[in-house]
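Summary of the model geometry
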Amino acid sequence: MPAEEFVAGWISGALGLVLGHPFDTVKLLGFFKGMSFPIASIAVVNSVLFGVYSNALLALTATSHQERRAQPPSYTHVFIAGCTGGFLQAYCLAPFDLIKVRLQNQTEPRAKPGSPPPRYRGPVHCAASIFQAEGPRGLFRGAWALTLRDTPTLGIYFVTYEWLCRQFTPDGQTPSSGTVLVAGGFAGITSWVAATPLDVIKSRMQMAGLKQRAYRGLLDCMVSSARQEGLGVFFRGLTINSARAFPVNAVTFLSYEHLLLSWG
Ligand SMILES: C[N+](C)(C)CCCC[C@H](N)C(=O)O
């Protein structure tokens with residue numbers, strides 16, 4: 001059997017791949033366009049959350065991640081560590097979240113002839129415009145509401161995760177991948193259900209001055225929203241938040257646990 005065809009086939013195939021690569025890259029970049037900003041920001045924020053959580057538990061219980069399966073921390077410690085992680089991640093998240101909310105609310109019809117250009121051209125332009133108009137503090141608009149939203153609800157997040165893992169795992173053993181997926185998914189849902197009322201208020205405060213009227217503060221925003229739209233306003237987005245929370249947090253916890261396991 002002549003080998004040349006194989007070699008030629010291999011080389012031409014490889015060349016095709018090399019030549020095709022830039023096109024694939026463009027296609028891929030096009031496909032993921034607009035995703036690099038959320039991906040980059042979630043990476044930073046999530047590393048702060050999990051890093052602070054784990055270190056807070058280390059400080060509270062003097063056990064490392066590996067030791068915690070044999071000596072599980074109390075739920076009070078898990079809650080305190082979760083709240084600490086939530087509090088600190090909220091500050092890192094605040095500017096990214098503000099930009100996301102501002103860009104998502106830009107729903108002017110796209111590039112119709114004669115229509116005004118969008119206010120923000122992209123995440124960097126959005127950040128720069130806010131910075132120019134309001135200074136660095138402008139980038140933290142709504143940060144207080146975000147902190148109130150995330151501090152207790154991330155405590156709830158880790159308590160739910162730990163509790164569910166322990167229900168389905170024999171003492172001292174590592175939870176199975178299935179358990180981690182389900183516990184992570186439900187931790188996400190529970191946390192988002194608890195966070196939704198303040199999520200609504202947070203987004204309104206971040207939009208204040210643009211589309212919405214300006215509020216005197218968090219309480220004013222809560223009271224006037226409830227007065228005008230009824231108490232149902234605090235549950236706006238509950239279904240979509242929960243539907244998104246399950247897969248996102250199932251995968252977050254699964255990859256987190258697996259990475260830690262594989263690093264020893
Ligand atoms: C605290 N709060 C519920 C707002 C978020 C908790 C889960 C965090 C996760 N990165 C996610 O985006 O779902």
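Residues numbered from 1 in each chain as written. Predicted model: local features only at pLDDT ≥ 70, side-chain atom pairs only at ≥ 80, totals over all residues. Heavy atoms only, no water.

Along the protein chain, the regular secondary structure elements total 8 helices and 0 strands. Along the protein chain, helices and strands appear, N-terminal first, in the series α-α-α-α-α-α-α-α. Looking at the 264 residues of the protein chain, the share that counts as buried comes to 36%. Considering only contacts in the protein chain between residues 6 or more positions apart, those separated by 24 or more positions represent 75%. (Helix = DSSP H or I, 4+ residues; strand = E, 2+ residues; numbered from the N terminus. Buried < 20%, exposed > 50% of the residue type's maximum accessible area, 1.4 Å probe, protein only. Contact = heavy atoms within 4.5 Å.)

Here we come to the nonpolar core. Nonpolar side chains in soluble globular proteins generally cluster together in the buried interior. Counting 18 residues, the largest nonpolar core has Leu 49, Phe 50, Tyr 53, Tyr 157, Phe 158, Tyr 161 and Phe 253 as the members making the most contacts within it. Ranked by residues supplied to this core, first place goes to helix H5 (residues 143-168) with 6 residues. Contact partners of Phe 253, with chain neighbours within four places excluded, come to Phe 50, Tyr 157, Phe 158, Tyr 161, Val 180, Gly 184 and Ala 187. Membership of the second largest hydrophobic core comes to 11 residues, among which are Val 200, Met 205, Cys 221 and Val 233. (Core = buried A, V, L, I, M, F, W, Y, C linked by side-chain atoms within 4.5 Å.)

Moving on: the environment of Ser 115. Structurally, Ser 115 can be placed in the loop between helix H3 (75-104) and helix H4 (123-134). In the structure, Ser 115 is positioned 13 residues away from Ala 128 in sequence and 23 Å away in space, judged by C-alpha atoms.

Another point: helix H8 (residues 238-262). Spanning 25 residues, H8 covers 36 Å between terminal C-alpha atoms, matching the ideal 36 Å at 1.5 Å per step. The largest bend along H8 reaches roughly 30° and is located at Ala 245, with the proline Pro 247 sitting one to four residues downstream. (Expected span 1.5 Å × (residues − 1). Bend = angle between axes of the 7 residues up to and from the residue.)

Counted by the stated rule, this structure contains 0 disulfides. Cysteine Cys 165 remains unbridged, with the sulfur of Cys 83 as its closest cysteine sulfur at 18 Å. (Disulfide = S-S within 2.5 Å.)

With phi around 55°, Ala 62 is a residue other than glycine that occupies positive phi space. Tracing the backbone through its elements, the reader meets Ala 62 in the loop between helix H2 (36-61) and H3. The exposure class assigned to Ala 62 is exposed, which follows from its relative accessible area of 62%.

The next point concerns the packing of H5 against H8. Interaxial distance between H5 and H8 falls to 13 Å at its minimum, and their mutual angle equals 70°. In this view, H5 runs roughly perpendicular relative to H8, as classed from their interaxial angle. Along this stretch, H5 crosses H8, giving a crossing that reads as right-handed. Each of Tyr 157, Phe 158 and Tyr 161 in H5 lies in contact with H8, whose residues at this interface are Asn 249, Thr 252, Phe 253 and Glu 257. (Axes fitted to C-alpha atoms, helices over the stretch in contact; angles between N-to-C directions. Parallel < 35°, antiparallel > 145°, perpendicular 65-115°, else oblique. Left-handed = near helix turned anticlockwise from the far one by under 90°.)

Once that is clear, we can look at the packing of aromatic side chains. In the structure shown here, the tally under the stated rule is 11 aromatic pairs. Where Tyr 91 meets Phe 140, the ring centres are 6.3 Å apart and the plane angle is 25°; that geometry is what we call stacked. On the criterion of sequence distance, the pair formed by Tyr 91 in helix H3 and Phe 140 in the loop between H4 and H5 is long-range, its members being 49 residues apart. Tyr 91 sits in the partly exposed class, given a relative accessible area of 38%. Residue Phe 140 is classed as partly exposed on the basis of its relative accessible area of 35%. Note on Phe 158 and Phe 253: the rings are 6.1 Å apart at their centroids and 80° apart in plane angle, and the pair reads as edge-to-face. In this pair, Phe 158 sits in helix H5 while Phe 253 sits in helix H8, placing the two residues 95 residues apart along the sequence. The pair Phe 158 / Phe 253 is uniform in exposure class, with both members buried. (Phe/Tyr/Trp six-rings, centres within 6.5 Å; stacked < 30°, edge-to-face > 60°.)

Another point: the UniProt feature "transmembrane region" (unreviewed entry) in the protein chain. Mapped onto this numbering, the UniProt entry gives "transmembrane region" (unreviewed entry) at residues 6-23, 35-54 and 74-94. From the first C-alpha to the last, residues 74-94 spans 30 Å; its make-up is 95% helix and 0% strand. (UniProt positions renumbered as here; feature names shortened; annotations may be inferred.)

The environment of the ligand is formed by Arg 149, Asp 150, Thr 153, Leu 154, Tyr 157, Ser 191, Trp 192, Ala 195, Arg 244 and Asn 249. The separation between an oxygen atom of the ligand and a polar side-chain atom of Trp 192 is 2.9 Å. With respect to the ligand, the side chain of Asn 249 contributes an N or O atom lying 3.0 Å from an oxygen atom. In the complex, the protein chains occlude 92% of the 370 Å² of accessible area that the ligand would expose alone. Looking at the shell around the ligand, the elements with two or more residues in it are H5, helix H6 (177-207) and H8. (Near = heavy atom within 4 Å. Polar contact = N/O pair within 3.5 Å; in protein donor to acceptor, adjacent residues only side chain to side chain. Areas by Shrake-Rupley, 256 points an atom, 1.4 Å probe, with all protein chains shown as cover.)

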